[in-house]
Amino acid sequence: MNDIVTAEELNAKDFTSDQEIRWCPGCGDFAIVKSVRKALAEIGTPTENVVFVSGIGCAARFPYYMATYGFHTIHGRAPAIATGVKLANPDLDVWVVGGDGDMLSIGGNHTLHVLRRNVDLNILLFNNEIYGLTKGQYSPTSREGTLSPSTPMGSVDHPVSATSFALGAGARFVARSIDTDQKHMPEVLKRAHAHKGASFVEIFQNCIVYNDGAFSDFAEKRTAPDTQLHVEHGQPLIFGADGNKGIRINHDILDLEVVTVGENGVTLDDVLVHDETNRTLAGWLARMEAPEFPVAIGVLYCDPAESYEAAVRRQIEDAKKKAPPPSLNSLLQSGHTWTVEPH
Amino acid sequence: MNDIVTAEELNAKDFTSDQEIRWCPGCGDFAIVKSVRKALAEIGTPTENVVFVSGIGCAARFPYYMATYGFHTIHGRAPAIATGVKLANPDLDVWVVGGDGDMLSIGGNHTLHVLRRNVDLNILLFNNEIYGLTKGQYSPTSREGTLSPSTPMGSVDHPVSATSFALGAGARFVARSIDTDQKHMPEVLKRAHAHKGASFVEIFQNCIVYNDGAFSDFAEKRTAPDTQLHVEHGQPLIFGADGNKGIRINHDILDLEVVTVGENGVTLDDVLVHDETNRTLAGWLARMEAPEFPVAIGVLYCDPAESYEAAVRRQIEDAKKKAPPPSLNSLLQSGHTWTVEPH
Amino acid sequence: MSSDGNTALKLAEVRREEVDEVVVRFAGDSGDGIQLTGGRFAETTAIAGQDLETFPDFPAEIRAPIGTTYGVSAFQIHFGSSAILTSGDAPDVLVALNPAALIVNIEEVKLGGLVIVDSGSFKDKNLRKAGYESNPLEDGSLEKYRIFPIDISRLTLESVSHTEVNKRDGLRCKNMWTLGLISWMYDRRLTPTSDWLEGKFGKKLPEVAKANIAALKAGHAFGETAEMPDGVRGFTIQPADFEPGIYRTVTGTEATAWGLVTGAQLAGLKIIMCSYPITPASGLLHVLARLKSYDVTTFQAEDEIAAVGAAIGASYAGSLGVTSSSGPGIALKTEAIGLAIATELPLIVVNTQRAGPSTGMPTKTEQSDLYLAVYGRNADSPLVVIAAHSSADSFEVAIEAVRLATKYMTPVIILSDTYIANAAEPWRVPDADHFKPFKVGFRTETEGFQPFMRDGATLARPWVKPGTLGLEHRIGGLERAYDSGNVSYDAENHQRMTNTRFKKIEGIADDIPLQTVESGADSGQLAVLGWGSTYGPISSAVGHLRSEGKAVSHIHLRYINPMPKNLGELLARFDKVLVPEMNMGQLSTIVRDRFMVPVEGLRKVTGKPFRIAEIEDGIHARLEK
Amino acid sequence: MSSDGNTALKLAEVRREEVDEVVVRFAGDSGDGIQLTGGRFAETTAIAGQDLETFPDFPAEIRAPIGTTYGVSAFQIHFGSSAILTSGDAPDVLVALNPAALIVNIEEVKLGGLVIVDSGSFKDKNLRKAGYESNPLEDGSLEKYRIFPIDISRLTLESVSHTEVNKRDGLRCKNMWTLGLISWMYDRRLTPTSDWLEGKFGKKLPEVAKANIAALKAGHAFGETAEMPDGVRGFTIQPADFEPGIYRTVTGTEATAWGLVTGAQLAGLKIIMCSYPITPASGLLHVLARLKSYDVTTFQAEDEIAAVGAAIGASYAGSLGVTSSSGPGIALKTEAIGLAIATELPLIVVNTQRAGPSTGMPTKTEQSDLYLAVYGRNADSPLVVIAAHSSADSFEVAIEAVRLATKYMTPVIILSDTYIANAAEPWRVPDADHFKPFKVGFRTETEGFQPFMRDGATLARPWVKPGTLGLEHRIGGLERAYDSGNVSYDAENHQRMTNTRFKKIEGIADDIPLQTVESGADSGQLAVLGWGSTYGPISSAVGHLRSEGKAVSHIHLRYINPMPKNLGELLARFDKVLVPEMNMGQLSTIVRDRFMVPVEGLRKVTGKPFRIAEIEDGIHARLEK
Ligand SMILES: Cc1ncc(C[n+]2csc(CCOP(=O)(O)OP(=O)(O)O)c2C)c(N)n1
Ligand SMILES: Cc1ncc(C[n+]2csc(CCOP(=O)(O)OP(=O)(O)O)c2C)c(N)n1
Ligand code: SF4
Ligand code: SF4
Ligand SMILES: [Mg+2]
Ligand SMILES: [Mg+2]
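What you are looking at is a predicted structure, and each value in this text was computed from that prediction instead of being measured.

Conventions we followed
Residues numbered from 1 in each chain as written. Chains lettered and ligands numbered in written order. Predicted model: local features only at pLDDT ≥ 70, side-chain atom pairs only at ≥ 80, totals over all residues. Heavy atoms only, no water. Helix = DSSP H or I, 4+ residues; strand = E, 2+ residues; numbered from the N terminus. Polar contact = N/O pair within 3.5 Å; in protein donor to acceptor, adjacent residues only side chain to side chain. Near = heavy atom within 4 Å. Areas by Shrake-Rupley, 256 points an atom, 1.4 Å probe, with all protein chains shown as cover. Buried < 20%, exposed > 50% of the residue type's maximum accessible area, 1.4 Å probe, protein only. Contact = heavy atoms within 4.5 Å. Buried area = accessible area lost by both parts, 1.4 Å probe. Salt bridge = Lys/Arg side-chain N within 4 Å of Asp/Glu carboxyl O. Donors = N, O, S within 2.8 Å, 3.2 Å for Na, K, Ca; no water. Core = buried A, V, L, I, M, F, W, Y, C linked by side-chain atoms within 4.5 Å. Pairing = 2+ DSSP bridges. Right-handed = clockwise from strand over helix to strand, strands pointing away. Least-squares fit on C-alpha atoms with pLDDT ≥ 70 in both. Phe/Tyr/Trp six-rings, centres within 6.5 Å; stacked < 30°, edge-to-face > 60°. Lys NZ or Arg CZ within 6 Å of the ring centre and 35° of its normal. Nonpolar A, V, L, I, M, F, W, Y, C, P; charged D, E, K, R; others polar.

Draft legend 1. Layout of the environment of Thr227 of chain A. Residue and element names in this part refer to chain A. Positionally, Thr227 belongs in helix α8 (residues 224-227). Linking Thr227 and Pro291, residues 64 residues apart in sequence, is a C-alpha distance of 7.5 Å. A polar contact of 3.2 Å, which involves the side chain of Thr227, links it to the backbone oxygen of Phe218.

Put into structure tokens, the structure is as follows:
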């Protein structure tokens with residue numbers, strides 16, 4: 001329905017609103033907004049056909065900074081609200097942005113259902129493992145033992161893994177990126193956009209004020225080659241500064257393990273090849289944690305199916321085809337009626 | 001803290017309240033209440049130390065029929081309310097009962113968090129793949145295409161798998177049983193009770209009025225041997241009327257497949273042995289669906305860790321040990337004070 | 001008139017008595033098909049041209065064990081030749097198909113009323129289940145009524161013996177036998193029902209159709225031929241004096257659904273209706289789910305919060321967002337409704353009220369949530385509240401809700417209740433071609449656009465469809481600057497925006513009709529002020545008392561927020577104002593506050609509608625004081 | 001008195017002027033340590049024996065870019081030798097550490113007030129960020145004030161030059177330099193602050209401690225020695241006339257937390273506090289999380305519904321369930337609060353109100369949620385609502401909440417607000433040993449037990465701890481039979497239970513003090529009726545007007561539901577009643593309804609507390625009418 005202008009015509013500035021950004025200086029969100037603008041420019045959907053919907057939190061401020069349509073809603077409800085947007089107008093490109101609190105704590109249920117329904121939304125979870133906006137309480141993704149104002153002796157609950165949760169919920173597109181990875185993120189975002197159905201992207205985001213360095217285990221540029229595994233469909237799961245580390249299945253424990261190609265008789269053939277349509281592999285990748293494993297980055301899983309709003313529209317079109325052209329009178333007089341004659 | 005009487009002293013009748021049961025004649029819930037009473041009698045916790053907490057729905061009527069403490073709360077919130085009960089008194093045996101709507105639709109978020117926190121609750125999800133109490137609308141576990149008053153042309157959303165969801169949420173005990181399986185269910189319930197931490201049990205329950213036969217693919221006694229796989233830790237994944245069907249990994253597709261022992265060179269050694277501590281295997285078992293696969297019944301996963309309320313108590317005890325014996329005056333006068341002398 | 005009733009009628013006419021109005025209650029086990037019987041009887045009553053109102057009273061349980069008191073299902077119908085406004089205070093006739101139905105309903109029957117029982121079901125086991133220690137048909141305990149025991153079970157089985165249904169299915173025709181008898185009694189034609197049975201079962205289960213029709217006819221024949229006890233006879237009721245036109249029966253649920261569809265078409269919008277099932281609100285979702293060809297999208301959300309959220313998203317995207325629920329679910333929606341208020345988006349919230357607090361009595365009616373509608377949100381958050389006073393009225397109310405929501409960019413709460421949702425009444429079907437459209441003018445002009453600029457007259461902000469070139473903008477729940485809508489923490493701006501939100505809603509008072517007096521003078525000794533489903537009993541009560549010469553008037557509120565501009569002044573013209581409510585006095589509170597008129601409440605919180613007599617008593621008590 | 005100030009004081013005394021009360025506002029960038037400066041100054045003010053009230057005004061952003069207006073943090077303190085009840089209308093002295101702080105705050109300074117600015121920060125870039133087109137220190141735009149520019153940046157750096165901190169850390173001592181200067185001005189000792197600095201940094205960062213102390217002293221010395229412009233001088237303020245006793249400062253958050261702990265101990269209960277973070281309510285969770293050794297369990301739930309749910313579960317299990325939030329979160333809890341009402345369980349709900357609707361202005365104060373507290377649930381669902389009127393008052397209010405909740409088996413909503421939560425004031429610490437316990441008597445007697453039997457006096461049902469032998473029972477949100485608590489759909493029972501729920505709460509009016517008059521006669525021309533944090537400004541305004549001889553009285557409500565029995569009669573004794581509220585008239589509504597007293601509202605919805613003068617004007621206007 002909308003004219004698609006070619007990518008050349010749009011650039012990141014076209015997606016930049018006039019609002020001054022109000023994140024803390026040094027916040028990882030800055031890098032993300034930059035990548036998103038870049039990705040959108042490359043995707044090329046005109047600004048008027050793009051909608052950003054968010055909940056509440058630092059991350060959820062996002063829509064204000066995009067020169068698109070935007071709706072900063074209430075805490076945790078963005079996936080539900082975005083579902084309504086998409087039902088009303090499936091032609092819009094709808095992006096949902098929220099933090100780990102917004103989408104996995106108060107909004108966990110909506111995230112679950114929007115994923116299972118496979119609504120065609122691009123869902124960006126900015127995971128900083130903390131509640132930023134409310135000043136630093138631990139979140140459902142915070143590691144055990146997190147010291148925070150609400151857990152002065154350290155948190156005792158086990159964190160939820162955003163990607164394992166998404167896979168368990170039945171998500172059909174699950175990916176990961178890192179705030180500072182300006183090269184990688186736009187590519188992942190473009191993949192998310194291209195996937196029709198719910199695309200779930202977890203972005204590791206550094207909260208410099210309340211949780212600085214939460215991801216330094218693997219997000220540091222310097223050590224990245226050894227701590228990150230960039231997965232790509234059809235490519236072997238190889239990483240390491242020397243490009244010789246790989247992931248293979250250890251059949252004894254029915255789990256993954258890290259091996260070094262060329263050591264102990266391990267060859268490239270032993271290394272698993274990424275198949276992004278394989279849910280089991282995606283589950284494994286989602287569970288790999290530093291320092292034992294590299295952290296998997298990229299599209300962990302992608303296995304499209306009809307999206308929810310498309311199916312809903314299809315039923316409506318079918319109904320319209322089947323039923324006589326609807327007039328209000330035919331509705332009001334449907335079923336049994338009788339006539340009282342003038343007397 | 002409570003006296004534990006021996007199992008001999010209690011029987012199912014001791015757990016039977018004086019309230020007339022108000023489920024529809026023929027409802028699968030009758031069989032479940034019978035199994036639960038039996039299991040409780042065998043577990044032997046005195047009735048006064050047992051609490052049933054439920055939300056709203058047909059299933060959630062459950063507490064009324066148990067001669068224990070019971071709290072029939074509001075729709076979807078039972079896991080949260082039960083968490084409060086357990087925090088107040090970790091010594092109580094707390095059981096949570098709800099339907100697929102109660103625990104996976106409106107209550108999905110609380111289910112997620114109670115599982116991830118690993119609160120020591122025994123959670124029984126009566127999955128009838130329908131909203132019984134509100135007269136038959138489709139639920140989040142209903143198969144695609146379900147005709148219901150709210151989906152007259154058939155539902156279009158993909159159902160959530162209760163067990164995959166639970167595993168994705170980080171549950172540490174995940175099991176399944178079938179309403180009519182009076183021999184199997186008490187055993188599973190006893191395992192659930194024995195597991196300290198959140199125990200999640202999905203019980204396939206036939207709603208004779210609104211979704212009769214939803215599980216007939218695999219729940220019929222007659223065909224059960226060929227359609228059910230009863231898993232047991234350390235035992236091979238063998239099933240079939242002739243005891244010669246097995247489950248093994250197909251490495252090409254990195255997924256499970258059904259094989260026949262003795263055919264095509266398949267031997268018992270090829271068949272996977274159930275390891276209930278293996279999350280990957282549990283994920284596979286959870287995803288096996290009829291008719292391609294037998295449906296896995298029993299304890300799919302069990303891998304204990306400290307329970308939430310135990311850790312919370314531990315912190316409180318530690319704090320008490322460290323801090324001076326608390327007097328109110330020391331609290332009120334903590335920090336800086338000054339004295340105004342009588343003048 | 002078709003052949004079947006012809007001769008029967010002629011014979012019957014001999015002994016028929018003419019009456020003005022009657023209340024009949026059918027009662028039996030939930031498995032007895034009572035609702036269906038009642039529904040069919042209502043249909044033929046409507047066809048006979050009489051006015052009517054029905055009250056289906058479902059059991060709380062889905063399918064309680066047979067014979068239990070809590071498994072009793074009842075259906076009351078009040079019909080007659082003059083205007084029928086309630087489903088009737090006390091039944092003139094009770095049909096009780098088992099002992100449980102008798103014990104649960106007998107107390108409400110008029111003294112001397114006719115009670116037809118299926119004596120065949122008064123077996124020991126059933127008596128015990130119902131809680132009878134001895135057989136009431138034999139122990140003289142029912143002396144106050146005229147009991148007519150008929151072995152309906154046996155007669156039904158006999159009547160179907162020539163068909164091929166088994167005994168169980170045969171017995172299931174009891175309700176049709178009963179319907180036949182009552183049809184005879186009130187001079188109804190059988191063809192509409194036999195046609196309907198053919199249509200329903202004919203193709204798939206011809207024997208079932210045959211058996212049901214046979215039972216129906218047998219019941220009718222029984223009336224014509226059997227020796228009737230004293231006072232049991234056929235009645236004639238004249239057709240009511242209806243305006244000419246096309247008629248149908250509607251329930252409040254249907255009328256609301258059709259009103260929403262009509263409103264949306266008048267506004268030029270698609271409906272996106274997002275809901276989560278809950279008794280008694282689910283019906284609206286069910287009805288709308290079948291109207292896909294009218295560009296209605298329904299979405300069964302994961303919970304009420306998601307439902308209202310999706311409706312808000314739909315409105316944001318330029319459709320008509322509708323959400324519906326009952327008390328507990330509406331409570332959950334309050335935070336999100338605040339967002340719609342803050343962002344000034346249209347939104348329709350239908351609350352089909354039920355008895356509370358908490359889960360309460362889900363199947364019972366109550367005007368429970370006026371407070372929740374008017375006050376139940378965080379912070380100062382005005383919106384529009386309107387209430388339907390009957391099933392048919394729900395149609396207009398729904399259209400009005402759409403008009404106000406879209407014109408003023410505001411959420412509108414429609415208050416309905418269990419009674420209205422389920423009760424059926426005849427409705428003169430309006431001609432949709434004569435409705436005045438109120439097409440939404442989406443903003444497309446980019447020149448001078450600001451998201452929170454306002455229409456001078458309505459104070460509404462512009463509605464922009466995402467997808468509109470050049471109007472990209474951001475809105476949200478943080479306080480917004482007066483025009484630009486940018487986030488603002490400015491003190492004066494907050495005051496101004498708060499004032500504006502109030503003014504916008506208050507200003508709607510200029511766009512709604514002045515309050516009229518339903519019946520009686522516009523001043524006098526006593527006004528009875530009502531809202532919602534108390535309309536019927538108040539109307540009838542005031543009518544009776546006025547015919548006795550009492551200076552009583554009936555005022556009925558549709559607009560609860562804002563209220564009609566003349567309401568305070570109108571109420572002040574009465575010595576006393578009585579407010580009957582099925583709650584503990586919620587409207588009273590608001591009226592007292594707004595107008596400093598010392599209204600008095602008449603409270604009833606039993607899960608049942610007012611009886612006319614209760615309101616009459618209430619009025620008498622005030623008139624005498 | 002220690003040595004450091006001794007000589008200084010003597011010198012200074014020469015030119016010190018005695019004043020009665022002063023309002024000082026510190027303002028700067030959020031990174032400037034303003035809150036800390038204010039807090040330290042408040043501490044030494046308290047030690048000096050003066051009465052005080054503080055108002056921290058945080059920016060909405062976590063850490064806004066340096067120099068922006070929305071990154072300005074402010075801290076106002078009002079102190080003096082007589083009773084101080086508000087944080088002050090307009091500052092006598094403003095300290096502005098950068099241009100943004102000046103532009104944001106200058107308008108509120110008293111005409112002719114003293115404005116101390118760090119001229120070192122008035123560079124082009126900062127001016128531009130603040131939105132100044134020219135330098136206000138030079139362009140004459142500040143003529144209405146006495147501007148005292150000091151290059152605090154440079155002087156601070158000089159003062160720390162002998163330490164080893166780098167320039168950035170050195171500049172961070174600006175606030176201490178400023179504190180030193182203001183301490184000189186108001187005759188404060190430095191030792192408490194230097195001791196505190198030692199304690200805070202001494203061990204880990206000795207150089208930082210050294211630098212801060214050096215800056216502090218340098219600021220002080222500057223006051224003593226520098227040539228001061230006209231009218232800038234030292235002041236003396238006499239100690240206030242406090243009752244003898246042990247004193248401390250408390251914020252409303254602390255006082256509420258300690259009150260809950262005290263109440264729980266008096267009731268013999270463990271606290272299980274379940275919450276979800278939200279500004280400005282999170283503080284209560286944070287304070288209680290540190291009180292584990294007092295048998296306080298805190299639970300950060302996944303959302304507000306889970307939080308209130310867990311609190312209800314905890315109460316059911318025999319602990320004191322507490323939950324807390326602010327408007328949007330309280331809205332989410334309403335359904336569950338209904339469950340606690342229905343099942344008659346004790347529950348404490350603390351609502352720290354903030355500006356709405358919807359997300360509104362999360363860091364700003366408002367009396368937003370009186371409606372939500374009183375009316376915001378589905379169906380008729382009465383509960384207790386009480387409001388704290390100041391930080392210190394929160395202590396007693398919290399204890400009272402626990403007493404009522406446990407004695408009457410009911411939810412109690414405590415209304416606080418952003419202002420009260422954050423403001424600090426001196427508090428005479430009560431001796432906990434003198435509190436009267438109100439130990440809960442859990443039911444253990446099995447004889448004759450029924451879950452919904454009631455105490456004849458309180459109408460409360462018994463509280464039973466699961467685990468109690470022989471008292472196993474089931475409760476739930478479906479309507480319950482009067483005694484047994486079994487599910488009941490009975491019509492009369494529902495009426496009876498509904499009436500009883502009302503009577504129980506209304507009956508509490510017999511158990512709370514009669515309404516007293518805060519100041520003034522108990523009849524007269526005008527009563528000013530307040531609730532919550534308007535206490536300070538109303539008190540002060542009424543005090544001023546009474547000292548002018550006006551017949552004005554101040555009545556302040558703690559109990560909002562039920563209200564004191566004599567309130568209606570008391571209000572009726574005044575010609576007029578004025579209700580100042582930081583909302584659009586919520587209490588007014590309720591009072592008008594309940595007592596038919598035509599109270600008038602004075603509304604302020606700016607996110608800021610009333611100024612005394614605003615209330616004085618409001619009173620004047622009514623007196624003159
Ligand atoms: C209903 C409701 N509950 C709580 C809040 C307070 N709140 C705002 S943001 C937030 C969590 C922020 O954490 P996250 O979603 O991880 O976002 P971040 O700030 O870390 O980006 C909370 C609890 C709210 N605004 N509304
Ligand atoms: C807040 C709220 N929303 C909706 C309902 C209505 N409701 C009651 S039970 C139920 C779902 C029942 O389905 P399920 O949980 O699967 O239980 P079942 O009846 O199938 O055992 C719903 C939607 C309610 N009681 N409260
Ligand atoms: S608090 Fe953390 S997440 Fe929020 S803006 Fe600041 S750095 Fe970013
Ligand atoms: S409706 Fe279904 S689930 Fe509910 S009681 Fe009846 S058979 Fe059981
Ligand atoms: Mg976060
Ligand atoms: Mg179900």
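Right, picking up where we left off after that structure.
Draft legend 2. View of the site of ligand 1. The local shell around ligand 1 holds 21 residues, among which Cys58, Asp100, Gly101 and Asp102 of chain A together with Glu304 of chain D are the closest. In this structure, ligand 1 is bordered by residues of chains A, C and D. Within the side chain of Asp100 of chain A, one N or O atom sits 2.7 Å away from an oxygen atom of ligand 1. Coverage of ligand 1 by the protein chains reaches 99% of its 590 Å² of free accessible surface. Counting residues per element, the shell around ligand 1 draws most heavily on helix α3 (residues 100-106) of chain A, which supplies 3 residues.

Draft legend 3. Just the environment of Met273 of chain D, in detail. Residues and elements named next belong to chain D. Examined against the element boundaries, Met273 turns out to sit in strand β10 (residues 271-275). By relative accessible area, Met273 is classed as buried at 0%. With 174 residues separating them along the chain, Met273 and Pro99 place their C-alpha atoms 43 Å apart. If we ignore the near neighbours within four places in the chain, the residues touching Met273 are Leu284, Leu285, Leu288, Thr297, Thr298, Phe299, Val322 and Ser324.

Draft legend 4. Structural view of the interface of chain A and chain B. Opposite the 42 residues of chain A that make contact, chain B presents 42 residues. Summed over both partners, the interface of chain A with chain B comes to about 3,400 Å²; 60% of that surface belongs to carbon and sulfur atoms. Of all residues in chain A, Arg116, His158 and Leu254 of chain A give up the largest surface area on contact with chain B, accounting jointly for 20% of the area buried on that side. At the boundary of chain A and chain B, one finds 4 salt bridges. Viewed at the interface, chain B and chain A are joined by 23 residue pairs in polar contact (both at pLDDT 80 or more). Of all the secondary-structure elements, those providing two or more residues to the side of chain A that touches chain B are α3, α4 (108-117), α5 (162-168), α9 (279-287) and α10 (308-322) of chain A. Here the side of chain A that touches chain B gets 7 residues from one element, more than from any other, and that element is α10 of chain A.

Draft legend 5. Summary view of the coordination of the magnesium ion (ligand 6). Residue and element names in this part refer to chain B. Asp100 (OD), Asn128 (OD1) and Ile130 (O) make up the full set of protein donors to the magnesium ion (ligand 6), lying at 2.1 Å. Read N to C, the donor residues that coordinate the magnesium ion (ligand 6) are spaced as D-x27-N-x1-I. With Asp100 in helix α3 (residues 100-106) and Asn128 in the loop between β4 (122-127) and α5 (162-168), the pair connects residues that are 28 residues apart, well separated along the chain. Under the relative-accessibility criterion, Asp100 is labelled buried at 1%.

Draft legend 6. Highlighting the coordination of the magnesium ion (ligand 5). Looking at the magnesium ion (ligand 5), one finds its protein donor set to be Asp100 of chain A (OD), Asn128 of chain A (OD1) and Ile130 of chain A (O), positioned 2.1 Å from the metal centre. Donor residues for the magnesium ion (ligand 5) sit on one chain with the sequence pattern D-x27-N-x1-I.

Draft legend 7. Expanded view of the nonpolar core. Leu260 and Ile348 of chain C together with Leu260 and Ile348 of chain D are the most contacted members of the largest nonpolar core, which has 344 residues in total. Sequence-distant contacts of Ile348 of chain D, that is, excluding residues within four places in its chain, are made with Leu260, Leu320, Gly321, Val322, Thr323, Ala401, Val402, Ala405, Val412 and Ile414 of chain D.

Draft legend 8. Highlighting the pairing of strand β21 (residues 574-581) of chain D. Residues and elements named next belong to chain D. Of all 8 residues that make up β21, 6 are buried, and the element is covered over most of its length. As defined by bridge partners, strand β18 (residues 524-531) adjoins β21 across 4 bridges and the pair is classed as parallel. Paired with Ala527 across the two strands is Val577, which belongs to β21. Bridge count for β21 against strand β22 (residues 600-603) is 4 bridges, and the pairing is parallel. Paired with Leu578 across the strands is Glu600, a residue of β22. Once the chain exits β21 it traverses helix α20 (residues 586-595) before rejoining the sheet at β22, and the crossover so formed is right-handed.

Draft legend 9. The relation of the copies chain A and chain B, seen in detail. With an axial shift of 0.0 Å and an RMSD of 0.0 Å, the rotation relating chain A to chain B amounts to 180°. One copy is carried onto the other by what is essentially a two-fold rotation axis. By residue overlap, the copies meet face to face through one surface: 100% of the interface positions of chain A are interface positions in chain B.

Draft legend 10. Structural detail: the pairing of strand β5 (residues 93-96) of chain C. All names here are of chain C. In β5, alternate side chains face the same way, and those of Val93 and Val95 on one face and Leu94 and Ala96 on the other are all buried. Pairing analysis gives 4 bridges linking strand β2 (residues 21-29) to β5, with the strands arranged parallel. Along β5, the bridge assignment pairs Ala27 with Ala96. As paired elements, β5 and strand β6 (residues 114-118) share 4 bridges and run parallel to each other.

Draft legend 11. Representation of the pattern of salt bridges within the structure. Under the defined criterion, the tally for this structure stands at 91 salt bridges over all chains. For Glu396 of chain C, the salt bridge is made with Arg558 of chain C, and the minimal N-O distance between the two is 3.3 Å. Note that Glu396 of chain C is positioned in helix α15 (residues 393-408) and Arg558 of chain C in the loop between β19 (552-557) and β20 (559-561), a separation of 162 residues in sequence. We classify Glu396 of chain C as partly exposed; its relative accessible area is 48%. The residue Asp522 of chain D makes a salt bridge to Arg573 of chain D at a minimum N-O spacing of 3.3 Å. With Asp522 of chain D in the loop between α17 (491-507) and β18 and Arg573 of chain D in the loop between α19 (567-572) and β21, this pair connects stretches of sequence that are 51 residues apart.

Draft legend 12. Up close: the packing of aromatic side chains. Here the structure, examined in full by the defined rule, presents 56 aromatic pairs over all chains. Aromatic side chains Trp338 of chain A and Tyr247 of chain C sit 6.1 Å apart centroid to centroid with 25° between the ring planes, which places their arrangement in the stacked category. Note that Trp338 of chain A is positioned in strand β12 (residues 338-340) and Tyr247 of chain C in strand β9 (residues 245-251), a pairing that runs across two chains. In this structure, Trp338 of chain A and Tyr247 of chain C share a single accessibility class: buried. Directly above the ring of Phe452 of chain C sits Arg461 of chain C, whose terminal nitrogen or CZ lies 4.7 Å from the centroid.

Draft legend 13. Summary view of the interface of chain B and chain D. The partner chain D presents 71 residues to the 60 residues of chain B that form the contact. Both faces considered, chain B and chain D share a buried interface measuring about 5,400 Å² in area, 62% of it formed by carbon and sulfur atoms. Per-residue buried area on chain B facing chain D is highest for Tyr69, Leu332 and Trp338 of chain B; these three make up 16% of the total on that side. At the boundary of chain B and chain D, one finds 2 salt bridges. Two residues, Arg117 of chain B and Glu302 of chain D, come together in a salt bridge whose shortest N-O distance is 2.8 Å. For the pair chain B and chain D, the interface holds 29 residue pairs in polar contact (both at pLDDT 80 or more). Mapped onto the side of chain B that touches chain D, the elements with two or more residues apiece are β2 (69-72), α2 (78-88), α4 (108-117), α10 (308-322), α11 (328-332) and β12 (338-340) of chain B. Where β2 of chain B lies against strand β17 (residues 474-476) of chain D, 3 bridges are found, and the strand directions are parallel. Within the sheet, the bridge partner assigned to Gly70 of chain B lies in β17 of chain D and is Arg474 of chain D.

Draft legend 14. Up close: the site of ligand 4. As a matter of local geometry, ligand 4 sits amid Trp23, Cys24, Cys27, Cys58, Asn128, Gly132, Gln205, Cys207, Ile208, Val209 and Tyr210 of chain B together with Ile62 of chain C. More than one chain approaches ligand 4, the contributing ones being chains B and C. In terms of residue class, the shell around ligand 4 is made up of 9 nonpolar, 3 polar and no charged.

Draft legend 15. Representation of unusual backbone geometry in the model. Going from Gly356 of chain D to Pro357 of chain D, the amide bond is cis rather than trans, its omega being 5°. Looking along the chain, the bond that leaves Asn561 of chain D and enters Pro562 of chain D is cis, with omega of -5°. Mapping Pro562 of chain D onto the fold places it in the loop between β20 (559-561) and α19. The backbone phi angle of Ala379 of chain C is positive, close to 65°, even though this residue is not glycine. Taking the relative accessible area as the measure of exposure, Ala379 of chain C reaches 4% and is therefore buried. Although it is not a glycine, Met596 of chain C sits at a positive phi angle of roughly 50°. As for its placement among the helices and strands, Met596 of chain C is situated in the loop between α20 (586-595) and β22 (600-603). Looking at Met596 of chain C, the relative accessible area reads 22%, which means it is partly exposed.

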